[in-house]
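Secondary and tertiary structure notes
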Amino acid sequence: MYVSARADYALRAMLAVADAAGSTGDGGSGAGELVKAASLAERQDIPLSFLQGILLDLRRAGLLHSHRGTEGGYALTRPAADISVGDVLRAVGGALTSVRGMPADHAGYHGVAAGLRDVWLAVDGAIALVVDRTTLADLLADRAAAS
């Protein structure tokens, strides 16, 4: 698995939105304080133009909603406990694991290399197990515990 800057930025932005909303997974929607893109970019040291494309992908994936206007900004569409790291990674990058630029389940081999497809699928499954079990709320709780 390769973690791109886009994926890293997306997770950092989602955590900042969840933190600003006080969304700890207690059943609320996490739609407390709206967070402006410029504020996210500054606080997380992410280029604003790059972040805007990421926020669009996250909104299209149903993870964020946006409000227009001077009081507008971004908020989570559901509690941080209901949004996994895997949700965010898939929203901005597609497949978790790729082989030669394609999802692992598209890899095809023959002859002596035929067993490689099973290895790549196992790697993809192991990664999915970790990122799908880890939520934004888990990461925020880990940070709070370390403070």
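Structural data are supplied above this passage.
Here the structure is a predicted model, which means the values were calculated and not measured. (Residues numbered from 1 in each chain as written. Predicted model: local features only at pLDDT ≥ 70, side-chain atom pairs only at ≥ 80, totals over all residues. Heavy atoms only, no water.)

Describing the overall build of the protein
Our working definition: Note on conventions: DSSP H or I runs of at least 4 residues are helices, E runs of at least 2 residues are strands, and numbering of each starts at the N terminus. Summary of the burial criterion: residues with accessible area below 20% of their type's maximum are buried, those above 50% are exposed, and those between are partly exposed, where the area comes from a 1.4 Å probe applied to protein chains only. Whether two residues touch is decided by their heavy atoms; if any such pair falls within 4.5 Å, the residues are in contact. All accessibility values rest on the Shrake-Rupley procedure with a 1.4 Å probe; residue burial counts only the protein chains present in the view. The convention is simple: Lys and Arg are positive, Asp and Glu are negative, and His and the chain ends are not counted. Charged side chains are reduced to one point each, which is NZ for Lys, CZ for Arg, CG for Asp and CD for Glu.
When helices and strands are counted, the protein shows six helices and four strands. Listed N to C, the secondary structure of the protein is α-α-α-β-β-α-β-β-α-α in terms of helices and strands. Summarising its shape, the C-alpha atoms of the protein cover approximately 60 × 35 × 25 Å along the three principal directions. Across the 147 residues in the protein, those meeting the buried criterion constitute 35%. Taking the contacts inside the protein whose residues are at least 6 apart along the sequence as the reference set, 65% of them involve residues at least 24 apart. Total accessible area on the protein stands at roughly 8000 Å², and carbon and sulfur atoms take up 54% of it. Charge-centre separation for the protein: the mean point of 13 positive side chains lies 6 Å from the mean point of 16 negative side chains.

Side note on the pattern of salt bridges
In plain terms, the rule: One side-chain nitrogen of Lys or Arg within 4 Å of one carboxyl oxygen of Asp or Glu is enough to make a salt bridge.
Taken as a whole, this structure holds four salt bridges when the rule is applied. Measuring nitrogen to oxygen at the nearest pair gives 2.3 Å for the salt bridge that ties D57 to R6. Of this pair, D57 sits in helix α3 (residues 48-60) while R6 sits in helix α1 (residues 5-21), and the two are 51 residues apart along the sequence.

Side note on the side chain of T135
Looking at where T135 falls in the secondary structure, it is placed in the loop between α5 (116-133) and α6 (136-146). Among all residues touching T135, those that are not within four sequence positions of it are A80, A81, I83 and S84.

Looking at the layout of surface pockets
Threshold: Every definition here rests on a 1 Å grid over the protein atoms only: cavities are sets of points where a 1.4 Å probe fits but cannot get out, pockets are open sets enclosed by protein on both sides within 12 Å along at least five of seven lines, and lining residues have some atom within 4 Å of a point. Grid points are joined across faces, edges and corners, and a volume is the space filled by probe spheres set on the points. Residues are grouped as follows: Ala, Val, Leu, Ile, Met, Phe, Trp, Tyr, Cys and Pro are nonpolar; Asp, Glu, Lys and Arg are charged; every other residue, Gly included, is polar.
Roughly 230 Å³ of volume is contained in the largest pocket. In terms of lining, the largest pocket is formed by 15 residues, of which the most central are Y2, G93, G94, A95 and L96. Where the lining of the largest pocket is concerned, the elements lending two or more residues are α4 (85-93) and β4 (102-103). At three residues, the largest contribution of residues to the lining of the largest pocket is made by α4. Grouping the constituent residues of the lining of the largest pocket by class yields nine nonpolar, six polar and no charged.

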